[in-house]
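If you want the building blocks of each chain, they are given just below.
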Amino acid sequence: MFPEWAKQWGCLQSVQALLKAANYPFGLGRQGSIHEHGEKFRAMVLKEQYIKKGPYCSNFIKTSKYEWWNFVPKSLFHLFRQIANFYFLIIAILQTIPDISPLQPFSAWVPLLFVLSVSMIREGSEDIRRHRSDRRTNSQKTRVLRDQTWVETRWLDVQVGDIIQVLGRESVPADLILLQSSTSDGKCFIQTASLDGETNLKPRSVLPQAVDMNNNQLVGLRFETEEPRGSLEDFDARLYLPTASSPEERYPVTIENFLPRESYLRHVDWILGAVVFTGHDTRVMKGQAPPPQKLSAMDRMVNRLVLSMMMFQACVCATLAFLNFAWHERNRDGWYLDDGLFEFKLEDYATLTFWSYVLLMNTMIPISLLVSIEMVKFVQALFIGWDIQMMYIETDRSGGATKRWASWSTSTLNEELGQVRYVFSDKTGTLTTNMMEFRACTVGKRRYGMGGEESTFTPMPRTYSDDQRRGARPMGNPPGL
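Notes on the structure follow. (Residues numbered from 1 in each chain as written. Predicted model: local features only at pLDDT ≥ 70, side-chain atom pairs only at ≥ 80, totals over all residues. Heavy atoms only, no water.)

### Brief notes about the overall build of the protein
1) Next: Helix and strand counts for the protein come out as 14 helices and 19 strands.
2) Next: Looking at the 481 residues of the protein, the share that counts as buried comes to 40%. (Helix = DSSP H or I, 4+ residues; strand = E, 2+ residues; numbered from the N terminus. Buried < 20%, exposed > 50% of the residue type's maximum accessible area, 1.4 Å probe, protein only.)

Below, the structure is given as structure tokens:
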């Protein structure tokens, strides 16, 4: 199909030369090109060598919120979204003004810095866990075809156009087009519970045109794929092959030939796949929103309470400042008040007095409340991970057992779990993971099961709905019976 000299080249320049030699007007680096029918597409050629700097994004993923250089400003911005923190920041700033502050500045700065430090340590520890999780995911191993040899490599080194081999019960490292399978019918099954919550297995089929090709023939296959997006329901691509009747025959590639990243293989020993999307271009990453900075219901309630107390405090301070203004207006000529306070206008002095009362009454909003909330949330998250009643044992096909403990990604929403009263599910598989044990059945009016006992079973009288009483057939009877 292609010249032998071109098949042995794996660098980007050789692939582009291969396309040009075959009179293909597309290059490996062309993204967002417009097809003759108007839709956007990406051109891809299968290769067997590593390109140091390819045209598409790498397979590296990042789910953490912070980096070392933006942790402090981003975390402080999130913390000062809470009105209480912002309030105590204003109090601390006011205490640095000698004309209005009757207190030492450290009495406000020390508690505030302690609260912020505890919150930032909690946020930092949670984000370190995300970085470690990303590092484990990016460092997982898979097998990639390099120079006609299967080489074990890390997930982050997988590139668009690579041919990879995935073994049964392994996770798919990138979005793939299924080329070959170990089964005789060219089928495999995938589990996408980590993507869409569906625990039922989904069948996938190999491309009929590639099922009998060897590794050497797979190298150089050309595809056109749609632009990356987050939908798991459909997939549109095309495979181009020369035939006896046409120099370039187009074959469709659909969702039935597509394996999304982080799905798990089932009921198959191995598969070969062509990498079409990597990293943040994959379906699972496109469908994820950036990690949000969430406020729990309790945080929002605390914000409302603090705002109400601030308004009440402002009214009290304004009343006291007005009374102070009235008293000084009446006693302006008092000889014992000649202490330099009236260098200001009386109205300005009343304003300074208002802020002095604000500082004196800042304990109306207890800063210890924030410390307690932060500590309780963090310790409660640790207990969630230690709870033995939330641990289950997962067994694999070989009979091995693995303990799965409850995990948490953020401790800011712990109290939301205690407010869940009902769980609505569209089917039982969502709650049971389709792993149900036989309990009983009824055959010929006899019930079997329930500890091996056999007993006579009397059917319950048939019930009718309102529609059936108006002449419809009884529920449960198929048409014609």
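### Considerations on the packing of helix α5 (residues 106-138) against helix α11 (residues 367-386)
1) Next: Two elements in contact, α5 and α11, have axes whose closest approach is 10 Å; the angle formed by their N-to-C orientations is 20°. Between α5 and α11, the interaxial angle falls into the category roughly parallel. Considering the relative orientation of α5 and α11, their crossing is left-handed. Taken together, the residues of α11 that come into contact with α5 (itself represented by P111, L112, F114, V115, V118, S119, R122 and S125) are I367, L370, V371, E374, M375 and F378. (Axes fitted to C-alpha atoms, helices over the stretch in contact; angles between N-to-C directions. Parallel < 35°, antiparallel > 145°, perpendicular 65-115°, else oblique. Left-handed = near helix turned anticlockwise from the far one by under 90°. Contact = heavy atoms within 4.5 Å.)

### Let's talk about the sheet that holds strand β13 (residues 264-266)
1) Next: Spatially, the three strands line up as an open sheet ordered β8-β7-β13, and their pairing is antiparallel. With one partner strand each, in any of the chains shown, β8 (198-205) and β13 form the two edges of the open sheet. Direction aside, neighbouring strands of the sheet carry axes that sit 35° apart on average.
2) Next: As paired strands, strand β7 (residues 187-192) and β8 are joined by five bridges and run antiparallel to one another. Note that in β8 the partner of K187 across the bridge is S205. (Pairing = 2+ DSSP bridges.)

### Observations concerning α11
1) Next: Look at α11: 30 Å from first C-alpha to last across 20 residues, which is about the 28 Å you get at 1.5 Å a residue.
2) Next: Considered for burial, the residues of α11 that qualify are I367, L370, V371, I373, E374, K377, A381, I384 and G385. The arc enclosing the buried residues of α11, seen along the axis, measures out at 170°, which places them on a common side. For α11, the exposed residues lying more than 90 degrees away from the buried face are V376, F383 and W386.
3) Next: Buried positions along α11 lie against α4 (83-94), α5, α9 (297-330) and α12 (414-417). (Expected span 1.5 Å × (residues − 1). Arc of directions from axis to C-beta.)

### Quick look at unusual backbone geometry
1) Next: In this structure, R169 is a non-glycine residue whose phi angle is positive, near 70°.
2) Next: At E262, a position not held by glycine, the phi torsion is positive, near 70°.
3) Next: The residue E262 is located in the loop between β12 (258-259) and β13 in this model.

### Some details on the sheet that holds β12
1) Next: Sheet architecture is open: six strands sit in the order β4-β3-β5-β14-β6-β12, paired in antiparallel fashion. Looking along the sheet, the strands with just one partner apiece sit at the ends: β4 (149-154) and β12.
2) Next: Where strand β6 (residues 175-181) meets strand β14 (residues 270-277), six bridges bridge the pair, whose relative direction is antiparallel. Residue pairing for β14: I177 is matched across the bridge by A274.

### A look at the packing of aromatic side chains
1) Next: Inspection of the entire model under this criterion finds six aromatic pairs.
2) Next: Where Y87 meets F88, the ring centres are 5.2 Å apart and the plane angle is 75°; that geometry is what we call edge-to-face. In this pair, the class of Y87 matches that of F88, namely buried.
3) Next: Here the aromatic cluster, defined as three or more aromatic residues joined through ring pairs, consists of F235, F258 and F277.
4) Next: Here the guanidinium or amino end of R42 rests over the ring plane of Y56, the centre of that ring lying 3.8 Å away.
5) Next: Positioned over the ring face of Y240 is R222, at 4.2 Å from the centre of the ring. (Phe/Tyr/Trp six-rings, centres within 6.5 Å; stacked < 30°, edge-to-face > 60°. Lys NZ or Arg CZ within 6 Å of the ring centre and 35° of its normal.)

### Some remarks on the nonpolar core
1) Next: The biggest cluster of nonpolar side chains holds 28 residues, and the ones touching the most others in it are F88, I91, L112, I367 and L370.
2) Next: Every element with two or more residues in this core is listed here: α3 (71-79), α4, α5, α9, α10 (346-360) and α11.
3) Next: A total of seven residues in this core trace back to one element, the largest contributor, which is α4.
4) Next: If we ignore the near neighbours within four places in the chain, the residues touching I91 are A108, V358, L359 and N362. (Core = buried A, V, L, I, M, F, W, Y, C linked by side-chain atoms within 4.5 Å.)

### Re the environment of I100
1) Next: Positionally, I100 belongs in the loop between α4 and α5.
2) Next: You can call I100 buried: its relative accessible area is 5%.
3) Next: The sequence separation of I100 and S356 amounts to 256 residues, and the corresponding C-alpha distance is 5.0 Å.
4) Next: Contacts of I100, omitting those with residues within four sequence positions, involve L94, L352, W355, S356 and L359.

### Observations concerning the side chain of E226
1) Next: As for its position among the elements, E226 is in the loop between β9 (222-225) and β10 (237-241).
2) Next: A polar atom in the side chain of E226 sits 3.2 Å from the side chain of R229.
3) Next: Setting aside residues no more than four positions away along its own chain, E226 makes contact with K40, R42, D234, F235, D236, F277 and R283. (Polar contact = N/O pair within 3.5 Å; in protein donor to acceptor, adjacent residues only side chain to side chain.)

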